[in-house]
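Each chain, written out:
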Amino acid sequence: MSIGHALLGLLEEQPRHGYELKRLYDERFGISHPVKFGQVYATLGRLHRDEMVDIAAVEAGGGPDRKLYLVTPTGVAGLERWFLEPDPPMPYGRSALFTKVILALMSGRPAHEILDRQRALHLRRMRELTERKRTAELGVALACDLELFHLEADLRWIELAGKRVERLRAALSKREG
Amino acid sequence: MRGADGIGTNVGEGALLSAIDLRKRFGASVALDGLSVEVRGGEVVAVLGPSGSGKSTLLLCLAGIIPPDAGEVVYRGRTLGGLSDAVLTRLRRDEFGFVFQFGQLVPELTAIDNVSLPLRLAGVRRRDADSRAQAWLERLDVADVADKRAGEMSGGQAQRIAVARALVTGPRVVFADEPTGSLDSLNGEIVMELLVSTARDHGTTVVLITHEARVAAYADREIVIRDGKLAPVPVPV
């Protein structure tokens, strides 16, 4: 996800300091991947350079935390364009799991074991997310849902891959027999 | 417990419910092929596996609804195969609760009558049975449909009534076979949350059959069935 657009969206509500943007970003979008302070300030610097944010005030004392940022009309226009632009589908074929299974099949390693191990790990993460969701506020619950559905999609692929591996193995042993 | 091959066998001492080397065939089709598993008291265990893997057959054997061709089911130290039909029926009525994919409520009865039915069958007086059923309807947030029949409620409401009916007798074990299979994601989540949290509050054991990982994620642990056998429990590297 573009951190810049998330920050613009947070600034659209009201002007904010960098540390507040970091806190809000982590609360609302960073359930699995909190953003680093350095990333926030680097992104704000880039947005300022591109005239998408402006500095509303600089409080006495210096340091990056003292600047109050606000979104400019250019920034709002950029945000509007981003909202309407669909994201390209993710290139899942490059996942490490996919590569492992293919290489295991090529080298005669036990693909089932790879799939079983991944399933166990996925389910452990899904249990954590399910538990977290029970008491979470709406934004966090939605983030948990998104991750849960993606993990479930992986697992469905794992089940299908398991079946295909079995078929391939049966076909090979028939040919050899 | 680990077998000599380093694979978890899931069978050991201290289990509330155990299946030992279960085998079951339907004609030429092998549903269970030497499956052993143990469930401890108060545990929520998900049985995961694709369609046709044998998970529903496992549930029917564990609950004493059908006998295995070979192997044993042991519940609280007693082998189910050694019990008479009358004892088995009483066991299922008093100690087990069931939730199925499509609720399977009695269509002629209202929601409250469906929930109080197991109590009435166990000899509880009507007034007491209704009062306990009403309390469960309120706990599961479906008191407003108490006087409606199954055909007059939504799928989510009917499934919550089914959960209330499964829990009203205070069973030791609830067997749930694809309890959210007919529901959309949000209603499925509500039913699972109610089923699992209520079971945990009461120390009820739940055996949850599902092919959905999101449903299995409500359990304390999962076992995976593949072609009538338990998939090996991965040993950490």
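Residues numbered from 1 in each chain as written. Chains lettered and ligands numbered in written order. Predicted model: local features only at pLDDT ≥ 70, side-chain atom pairs only at ≥ 80, totals over all residues.

Section: the overall build of chain B
Just so we agree on the cut-off: Think of it this way: any DSSP run of H or I at least four residues long counts as a helix, any run of E at least two long counts as a strand, and we number them from the N terminus. A radius of gyration in this sense is built from C-alpha atoms; the matching globule rule multiplies 2.2 Å by the number of residues raised to 0.38. Remark: C-beta atoms are placed from the backbone, and a residue is labelled buried if 20 or more other C-beta atoms sit within 10 Å of its own, exposed if 12 or fewer do, or partly exposed between those counts.
Broken down by element type, chain B carries seven helices and 10 strands. Its C-alpha radius of gyration of 18 Å places chain B within 12% of the 18 Å reference for a compact globule of 237 residues. When each of the 237 residues of chain B is scored for burial, the buried share is 44%.

Thoughts on helix α4 (residues 73-84) of chain A
Spacing of three or four residues puts side chains on the same side of an α-helix, whose turn is 3.6 residues. Quick reminder of the rule: How far a helix is expected to stretch is found by multiplying one less than its residue total by 1.5 Å.
Helix length check: α4(A) (12 residues) gives 17 Å between terminal C-alpha atoms against 16 Å at 1.5 Å per residue, within 8%. Of all 12 residues in α4(A), one are buried; the element is thus mostly exposed.

Some details on unusual backbone geometry
All names here are of chain B. We note that E178 has phi near 50 degrees; this positive angle belongs to a residue other than glycine. Looking at the secondary structure, you find E178 in the loop between β7 (173-177) and α6 (185-202). Look at E178 and you get buried, because 20 C-beta atoms sit within 10 Å. Not every positive phi belongs to a glycine, and D227 is a case in point at roughly 50 degrees. By the secondary structure assignment, D227 is in the loop between β9 (221-226) and β10 (229-230). Classification of D227 as partly exposed rests on a count of 15 C-beta atoms within 10 Å.

Some remarks on the interface of chain B and chain A
Rule in force here: The contact rule is simple: place each C-beta atom from the backbone, and if two of them lie within 7 Å, those residues are in contact. Any residue that is not Ala, Val, Leu, Ile, Met, Phe, Trp, Tyr, Cys, Pro, Asp, Glu, Lys or Arg is counted as polar, Gly included; the first ten are nonpolar and the last four charged.
At the junction of the two partners, chain B supplies 12 residues and chain A supplies 13 residues. Those elements giving two or more residues to the side of chain B that touches chain A turn out to be α7 (213-216) and β9 of chain B. With three residues, α7(B) is the single largest residue contributor to the side of chain B that touches chain A. The class makeup of the residues in the side of chain B that touches chain A is nine nonpolar, no polar and three charged.

Some words on the sheet that holds strand β6 (residues 96-99) of chain B
Residue and element names in this part refer to chain B. Rules: Two strands are counted as paired when DSSP detects at least two bridges linking them. Between N-to-C directions, angles span 0 to 180 degrees; the directions come from axes that are lines fitted to C-alpha atoms, helices contributing only their stretch in contact.
Read across the open sheet, the six strands follow the order β6-β7-β8-β3-β9-β10; overall the sheet is mixed. Each having just a single partner strand, β6 and β10 make up the two edges of the open sheet. In terms of strand pairing, strand β3 (residues 44-48) meets strand β8 (residues 205-210) through five bridges, oriented parallel. Across the sheet, the residue bridging to V47 is I209, located in β8. Strands in contact with α6 are β3, β6, β7 and β8; relative to β8, the strand with the most contacts, it is inclined by about 155 degrees.

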